[in-house]
Amino acid sequence: MAAPVEVAVCTDSSAQLWSCVVWELHSGANLLTYRGGQAGPRGLTLLNGEYLLAAQLGKNYISAWELQRKDQLQQKIMCPGPVTCLTTSPNGLYMLAGIAESIYLWEVSTGNLLVILSRHYQDISCLQFTGDSSHFLSGGKDCLVLVWSLCSVLQVDSSRTPAPRHVWSHHTLPITDMHCGFGGPLARVATASLDQTVKGCSAPCTIGTPVSVEPHPMSACPQLWEISSGELLLSVLFDVGIMAVTMDLAEHHMFCGGSEGSIFQVDLCTWPGQSEKSFQSEQDSGKVFKGHRNQVTCLSVSTDGSVLLSGSHDETVRVWDIQSKQCIRTVTLKGPVTNAFIMLAPVSMLSSDFRPSLPLPHFNKHLLGAEHGDEQRRGGLTLRLGLHQQGSEPSYLERAEQLHMVMCSTMEKNVLGGQDQLRIRITELEDEVQNLRKINRDLFDFSTRIITRPTK
């Protein structure tokens, strides 16, 4: 079986030759291009391994391409307003879009708009799901990062406003990027912002909670969080603004892209017990990637942790050898790079005869039941993208129920042995008790005889 192929997916803001290009990471061979529109920052995502979605820069629609079809016209998903960021759940069942200060959540199989979340006070700048699709995170220009439980959002009463699980308000300037590691609800999250203050608080913080601050001019402070507890694990202070952040799969290193073009490597395992650290470029010169001439906009690490991909406003995408910090390939684009990431190529991308299992549905622009909105279509056939996943991938509640049934069955069979075996076992235990009582009486009689036997 052939090894998985890692590819780099890139977009720029000019889109003169194409909207998106895909090339093989290690050889640099061009594999695919997609035409039509300009993808905005944090606005490129893969849906179900079958479609490529791109939020159009300053437009109120999302372009969708089938991964393998060439010379195709992109499909358009109309939205209520310009989309500032976009993501899809790893299981392919949901799509999230940031529109102004609100988060829109669609069900992909039906196209229904399920909920609109309005807890940010300014435009949403980035969205990301956890690897198991159980949670998603939102960052905005209001300096807040919110952690949402997907289950809670979907099951909330229509008369109530959904509430985030955590509100991280330690940043004091707009959120520029964030990266979610592996582990689902136990994952760690790195956030980047244009902060110009340093905070010494390591506990979860809510809106309005007073926080002690120490001014530090011209500084930026990426932070590492824990989803399960909501605690701030680490703050790293830089002397330049941080525009992009990512981690390797093992989460040994965090990479931060600066506003002046440098990329900084933070070794997470070298600061045990520390919740705050300053990165000194002069002292840590061996941890800096230098080559970009303008701000770094996006970062991504290969699966084996040996290669770093970076995009910049200097209109280049660079591939770096992490160990030596040397640039091993430079790809020049026609405009500032808006998206660049590494992924394992899906089968649909490399197979020329592959077609999506189901077409994309009509995506509603309004919540169902709204007087002025799109009504649910009746009397027709509803095609559900991802139904095969819904059948093979049970929900967390179904998994919990199945696990409970298995545990009960195992306990009954292995520990108690079932009703019939239970009665047999009780009889055996009663016989054993009687036998032990008889042995105890015999020992007592024997001891009594020995003690009371007259001495000669």
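As a reminder, the structure under discussion sits directly above these lines.
Rules behind the numbers
- Residues numbered from 1 in each chain as written.
- Predicted model: local features only at pLDDT ≥ 70, side-chain atom pairs only at ≥ 80, totals over all residues.
- Heavy atoms only, no water.
- Helix = DSSP H or I, 4+ residues; strand = E, 2+ residues; numbered from the N terminus.
- Buried < 20%, exposed > 50% of the residue type's maximum accessible area, 1.4 Å probe, protein only.
- Polar contact = N/O pair within 3.5 Å; in protein donor to acceptor, adjacent residues only side chain to side chain.
- Salt bridge = Lys/Arg side-chain N within 4 Å of Asp/Glu carboxyl O.
- Patch = residues over 30% accessible without salt bridge, like charges linked within 9 Å, V, L, I, M, F, W, Y side chains within 5 Å.
- Areas by Shrake-Rupley, 256 points an atom, 1.4 Å probe, with all protein chains shown as cover.
- Phe/Tyr/Trp six-rings, centres within 6.5 Å; stacked < 30°, edge-to-face > 60°.
- Lys NZ or Arg CZ within 6 Å of the ring centre and 35° of its normal.

Q: So what's going on with the environment of Trp168? Which residues, and what values?
A: Inspection of the secondary structure puts Trp168 in strand β15 (residues 166–168). On the basis of relative accessible area, Trp168 is assigned to the buried category, the value being 1%. Along the chain, Trp168 and Cys143 lie 25 residues apart, while their C-alpha atoms are 8.8 Å from each other. Polar contacts involving the side chain of Trp168 include one to the main-chain carbonyl oxygen of Gly230, which spans 3.1 Å.

Q: Pulling in residues and values, what's your account of the pattern of salt bridges?
A: Scanning the model with the defined rule gives four salt bridges in all. The salt bridge involving Asp267 is made with Lys287; its shortest N-O contact spans 2.9 Å. With Asp267 in strand β24 (residues 263–267) and Lys287 in the loop between β25 (276–278) and β26 (288–289), this residue pair connects regions lying 20 residues apart in the sequence. Accessibility expressed as a relative area gives 14% for Asp267, which makes it buried.

Q: Please set out a nonpolar patch on the surface residue by residue, giving values where relevant.
A: Residues Leu436, Ile439 and Leu443 make up a contiguous nonpolar surface patch of roughly 280 Å² in combined accessible area. Within the element layout of this structure, Leu436 appears in helix α5 (residues 418–452).

Q: Any chance you could break down the packing of aromatic side chains for me, citing the residues and the numbers?
A: One pass over the structure, following the stated rule, counts nine aromatic pairs. Judged by centre distance (5.6 Å) and plane angle (55°), the rings of Phe129 and Phe136 are tilted. By the burial criterion, Phe129 is buried, and Phe136 matches it. Aromatic side chains Phe136 and Trp148 sit 6.1 Å apart centroid to centroid with 15° between the ring planes, which places their arrangement in the stacked category. Taken together, the residues Phe136 in strand β13 (residues 135–140) and Trp148 in strand β14 (residues 145–149) connect sequence positions 12 residues apart. Per residue, the accessibility class of Phe136 equals that of Trp148, and both read buried. Linked through ring pairs, Tyr104, Trp106 and Phe363 together constitute an aromatic cluster. Here Lys76 stacks its cationic end above the ring of Tyr61, 4.6 Å away from the centre of that ring.

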